[in-house]
Structures are given as structure tokens and as C-alpha cells.
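Architecture at a glance
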Amino acid sequence: MQWHQVLGFVVAVTPLTLIPGTSFTLVTQQVIAGSRSDGVRAAFGSACGLLVHATFAAIGLSALVMSSAQALTVVKLLGGIYLIWLGVTTWRSTRRGVEPTARRRWRLPGARLGGFGQGLWSNVLNPKAASVYLTLVPQFLTSSRPVAPQIATLAIVHVAVVLVWLLFWTSVVAAARAAIDTPRFRHGMSRLAGAVLVALGVRTATAG
């Protein structure tokens, strides 16, 4: 690919990355409820979720799902339910006076992978993440060249942009927790993160 195509993609995808969403909220929740390393794992899980969408786009599966109303509805509902489940479990765990990650290990899909699994599944089941590779990425592809290598290049760039942002935010939240490390602060932030996850889940499931 030409350097200007890659640069143009970075310029286009960066504003989308900086908008607070599921990955942003999950990283925040993981650092507050656990540690900085938990936030890092959630960030890498989210990045791997993007690679899954890139792979699906390269083989045409994403286009098939997005073109089918029934399949898209299923993905939206699964993604919404998963986020709502994460949010409700986080909220209930803080009400019981137990750190969310301690009670969630046996309840949620991918629990053995901890924050990595949550970041992965939340992005894999996110229709908006898939739409990036069906609407934005094609604008930077050259039709006369093989598509798969170009998608792979842009996916790597996308992952790099996402990781830089999420790892930076992880450090910010970790510093804030170190400065205000009290049970009230942790529970309050975890409850806020749980409420945001529920709201994101509802939005995902009902998005038109």
C-alpha cells in the first residue's frame, strides 16, 4: 500500500477510536476493580477483537452478516446482552461489597481469560467494529491489488492506534486510582462503569 493511504486511514480512524465506548469503559472498569495489568489485558483483548473482524472482512463473512437483516439482528442482540450482563454483574458485585472481578470469574463467557476475554468478546460482538471494515476500510483499498494483504496492513495500523489510546488511558486510570485508592472510590467507579456498560448494551441491541 502507498504511505498516503495508510496515513489517510490513521487520520480517519483516530477520531472514532478516541470516542469513549465499550473498550474504553471496560479498560476503566478493569483497572478500578483490579489493577493496571487487568486494564492492559482488556486493551489487548479489544485489539484482538478487531483482528477477528478484519479476518472476517477479508474472507467476506462480515459482508454476508451485515447484508442479512436476521444475522445482523442476532449479532446486535448477542452483543447487547453480553454488555448488559457485564454491567449488571459489575453493579451487583459492588453492592455485595466484593470486587467485581472476584465474583465474575465463573459467571461470564470467556471468564478464564479475564479482562482479555471480555475485551475480545465485546468487540467481536460489536456491529460497529465490523462496520469499520465494511465502510471505512474499503475507501483506502486499491482494487488492482490483492485485497487481503491491504486489509491486514490497515488492521495492524488500526490495532496500533487503538492500543496506543487504550494503554495511555490505562495509565491515566491507574494513576488516578493510586492517588485516590479507597473502597468508596473503587465501588463508585465500578458502579458507574457497570451503568455505562448496561447503557451501551441497550444501545447495541436496539441500534437501527
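Being a predicted model, the structure only gives us computed values, none of them experimental. (Residues numbered from 1 in each chain as written. Predicted model: local features only at pLDDT ≥ 70, side-chain atom pairs only at ≥ 80, totals over all residues. Heavy atoms only, no water.)

Here the focus is the confidence of the model for the chain. In regions of low pLDDT, the predicted coordinates are not meant to be interpreted in detail. With 84% of its residues at a pLDDT of 70 or more, the chain shows a mean pLDDT of 82. Ranking the elements of the chain by mean pLDDT puts helix α6 (residues 100-104) last, at 44, and helix α9 (residues 147-179) first, at 93. (pLDDT = per-residue confidence, 0-100. Helix = DSSP H or I, 4+ residues; strand = E, 2+ residues; numbered from the N terminus.)

Let us look at helix α3 (residues 36-59). Between its first and last C-alpha, α3 extends 36 Å over 24 residues, near the 34 Å set by a 1.5 Å rise per residue. When α3 is considered as a whole, its buried residues turn out to be Asp 38, Gly 39, Ala 42, Ala 43, Gly 45, Ser 46, Ala 47, Gly 49, Leu 50, His 53, Ala 54 and Ala 57. The first or second residue beyond α3 is Gly 60, which carries a positive phi of 90°. (Expected span 1.5 Å × (residues − 1). Buried < 20%, exposed > 50% of the residue type's maximum accessible area, 1.4 Å probe, protein only.)

Below, the discussion takes up the side chain of Gln 29. By secondary structure assignment, the location of Gln 29 is in helix α2 (residues 22-33). Engagement of the side chain of Gln 29 in a polar contact is seen with the side chain of Gln 30, the distance being 3.2 Å. (Polar contact = N/O pair within 3.5 Å; in protein donor to acceptor, adjacent residues only side chain to side chain.)

Bringing the packing of aromatic side chains into the picture now. Using the criterion set out here, one finds five aromatic pairs in the structure. The rings of Phe 24, Trp 165, Phe 168 and Trp 169 are connected pair by pair, giving a single aromatic cluster. (Phe/Tyr/Trp six-rings, centres within 6.5 Å; stacked < 30°, edge-to-face > 60°.)

In this structure, Phe 9, Val 27, Leu 50, Tyr 133, Leu 136, Val 137 and Leu 166 are the most contacted members of the largest nonpolar core, which totals 32 residues. Mapped by element, the contributors of at least two residues to this core are α1 (3-18), α2, α3, α8 (127-136) and α9. If you tally residues by element for this core, the top one is α9, at 12 residues. In this structure, Leu 136 is in contact with Phe 9, Ala 12, Val 13, Leu 16 and Ser 131, ignoring residues within four places of it in sequence. With seven residues, the next largest nonpolar core counts Tyr 82, Leu 125, Leu 197 and Leu 200 among its residues. (Core = buried A, V, L, I, M, F, W, Y, C linked by side-chain atoms within 4.5 Å. Contact = heavy atoms within 4.5 Å.)

Two side chains carrying opposite charge are able to pair once their charged atoms lie near each other. Counted by the stated rule, this structure contains one salt bridge. Taking the shortest distance from any N to any O, the salt bridge between Asp 38 and Arg 41 comes out at 2.6 Å. Placement of the pair is Asp 38 and Arg 41 together in helix α3, with a separation of three residues, close to one helical turn. Residue Arg 41 is classed as partly exposed on the basis of its relative accessible area of 39%. (Salt bridge = Lys/Arg side-chain N within 4 Å of Asp/Glu carboxyl O.)

Moving on, we come to the packing of α2 against α3. At a minimum axis separation of 7 Å, α2 and α3 run at an interaxial angle of 155°. Comparing the axis directions of α2 and α3 gives the class roughly antiparallel. Seen from above, α2 lies across α3 with right-handed handedness. When α2 is examined against α3, the residues Ser 23, Val 27, Gln 30 and Val 31 are found in contact with a partner set consisting of Arg 36, Asp 38, Gly 39, Ala 42, Ala 43 and Ser 46. For the contact of α2 with α3, a count of residues per class yields four nonpolar, four polar and two charged. (Axes fitted to C-alpha atoms, helices over the stretch in contact; angles between N-to-C directions. Parallel < 35°, antiparallel > 145°, perpendicular 65-115°, else oblique. Left-handed = near helix turned anticlockwise from the far one by under 90°. Nonpolar A, V, L, I, M, F, W, Y, C, P; charged D, E, K, R; others polar.)

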